[in-house]
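# Descriptive analysis of the structure
Single-letter residue listing:
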Amino acid sequence: MKHNVLIVDDHFVVREGLKLILETSEEYQVIGEAENGQVALQRIEQLKPDIILMDLNMPVMNGIEAIEKLQEQHSSIPIVILTTYNEDDLMIKGLTIGAKGYLLKDTKREHLFRTLDSAIRGETLLQPEIMEIVFQAKRQATPKKQSTSNSFPSLSEKEKIVLQAAAYGHRSKEIAFDMGIAERTVKAHLTNIYNKLGVDSRAQAVAIAVEQGLVHI
């Protein structure tokens, strides 16, 4: 059975391009589209998609507002942000409030599907070179914390290794192979990390960890 995708973007050409790519997949199918966040919320209620590709900068209601509305409704549908290089602040906000990941609008086909696969699994595929751009802006805008140990419970050495690998975009299976442990053990470490950092997604954990200096990218 294919996963149902809703595309939300105010540019017709972007929506059509994504549809053409997704039509080549045996795993995904586009069941609807929307030109802004307000229409997206209606489509989500009607269509119940398995995953959402969400633009950030849209008229009427932008992607951030739409994600916040979905969070208020306790929606569990994974959201992948569609963004450009000049939307770093919006991207950070989107990841912070619950988006599972992001894609540049000119991303390659292979990376699109890898990102969707990760989001469906509840994971986030992060590109280190893009994360560096994103969190560079975040570090400049946020005063340096004097001590991370007072802010969060300490992470174990294995948890730090797992979190660092997650920051570099490695999937749970890859982390497990590199560490010589079971994939379920990696997921258990991630759950502990989320609990300690007070987050519920890999993207949020990495965002906080980079900001606090717990990991480096």
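In this report, the structure presented in the accompanying data block is examined.

Thresholds applied
- Residues numbered from 1 in each chain as written.
- Predicted model: local features only at pLDDT ≥ 70, side-chain atom pairs only at ≥ 80, totals over all residues.
- Heavy atoms only, no water.
- Helix = DSSP H or I, 4+ residues; strand = E, 2+ residues; numbered from the N terminus.
- Buried < 20%, exposed > 50% of the residue type's maximum accessible area, 1.4 Å probe, protein only.
- Contact = heavy atoms within 4.5 Å.
- Areas by Shrake-Rupley, 256 points an atom, 1.4 Å probe, with all protein chains shown as cover.
- Axes fitted to C-alpha atoms, helices over the stretch in contact; angles between N-to-C directions.
- Parallel < 35°, antiparallel > 145°, perpendicular 65-115°, else oblique.
- Nonpolar A, V, L, I, M, F, W, Y, C, P; charged D, E, K, R; others polar.
- Salt bridge = Lys/Arg side-chain N within 4 Å of Asp/Glu carboxyl O.
- Pairing = 2+ DSSP bridges.

### A word on the overall build of the chain
Within the chain, the regular secondary structure consists of 10 helices and five strands. Looking at the chain as a whole, 47% of its 217 residues qualify as buried. Sequence-distant contacts, at least 24 apart, represent 66% of the contacts inside the chain between residues at least 6 apart. By element, 50% of the accessible surface of the chain is carried by carbon and sulfur atoms, the whole surface being about 11000 Å².

### Topic: unusual backbone geometry
Residues other than glycine predominantly adopt negative phi, and peptide bonds predominantly adopt the trans conformation. Although it is not a glycine, Lys48 adopts a positive phi angle of roughly 50 degrees. Mapped onto the secondary structure, Lys48 falls in the loop between helix H2 (37–47) and strand E3 (51–55). Non-glycine residue Val60 carries a positive phi angle of around 70 degrees. Looking at the secondary structure, you find Val60 in the loop between E3 and helix H3 (63–72).

### So, the packing of helix H7 (residues 157–167) against helix H9 (residues 183–197)
For the pair H7 and H9, interaxial distance at closest approach is 9 Å and the crossing angle is 95 degrees. Taken together, the axes of H7 and H9 lie roughly perpendicular to each other. The segment H7 lies against H9, with Lys158, Glu159, Val162 and Leu163 engaging Val186, His189, Leu190, Asn192, Ile193, Lys196 and Leu197. Of the residues in the contact of H7 with H9, the class split is six nonpolar, two polar and three charged.

### Examining the pattern of salt bridges
Under the defined criterion, the tally for this structure stands at 11 salt bridges. The partner of Arg15 in a salt bridge is Glu33, and the shortest N-O contact between them spans 2.6 Å. Within this pair, whereas Arg15 is found in helix H1 (residues 12–22), its partner Glu33 is found in strand E2 (residues 28–34), the two being separated by 18 residues in sequence. Overall, Arg15 belongs to the buried group, its relative accessible area being 11%. For Glu33, the salt bridge is made with Lys19, and the minimal N-O distance between the two is 2.9 Å. Here Glu33, found in strand E2, pairs with Lys19, found in helix H1; they are 14 residues apart in sequence, far enough to count as distant.

### Looking at the sheet that holds strand E1 (residues 3–8)
The strand order across the open sheet formed by five strands is E2-E1-E3-E4-E5, and the pairing between neighbours is parallel. The sheet terminates laterally at E2 and strand E5 (101–104), the two strands that pair on one side only. When the angles between neighbouring strand axes are averaged without regard to direction, this sheet yields 25 degrees. As judged from the four bridges shared by strand E4 (residues 79–83) and E5, these two strands associate in the parallel manner. Across the sheet, Thr83 pairs through a bridge with Leu104, a residue of E5. Packing of H1 onto the sheet brings it into contact with E1, E2, E3 and E4, and relative to E2 it is tilted by some 165 degrees. Packing against the sheet, helix H4 (residues 88–96) makes contact with E4 and E5, and its axis sits at approximately 180 degrees to E4.

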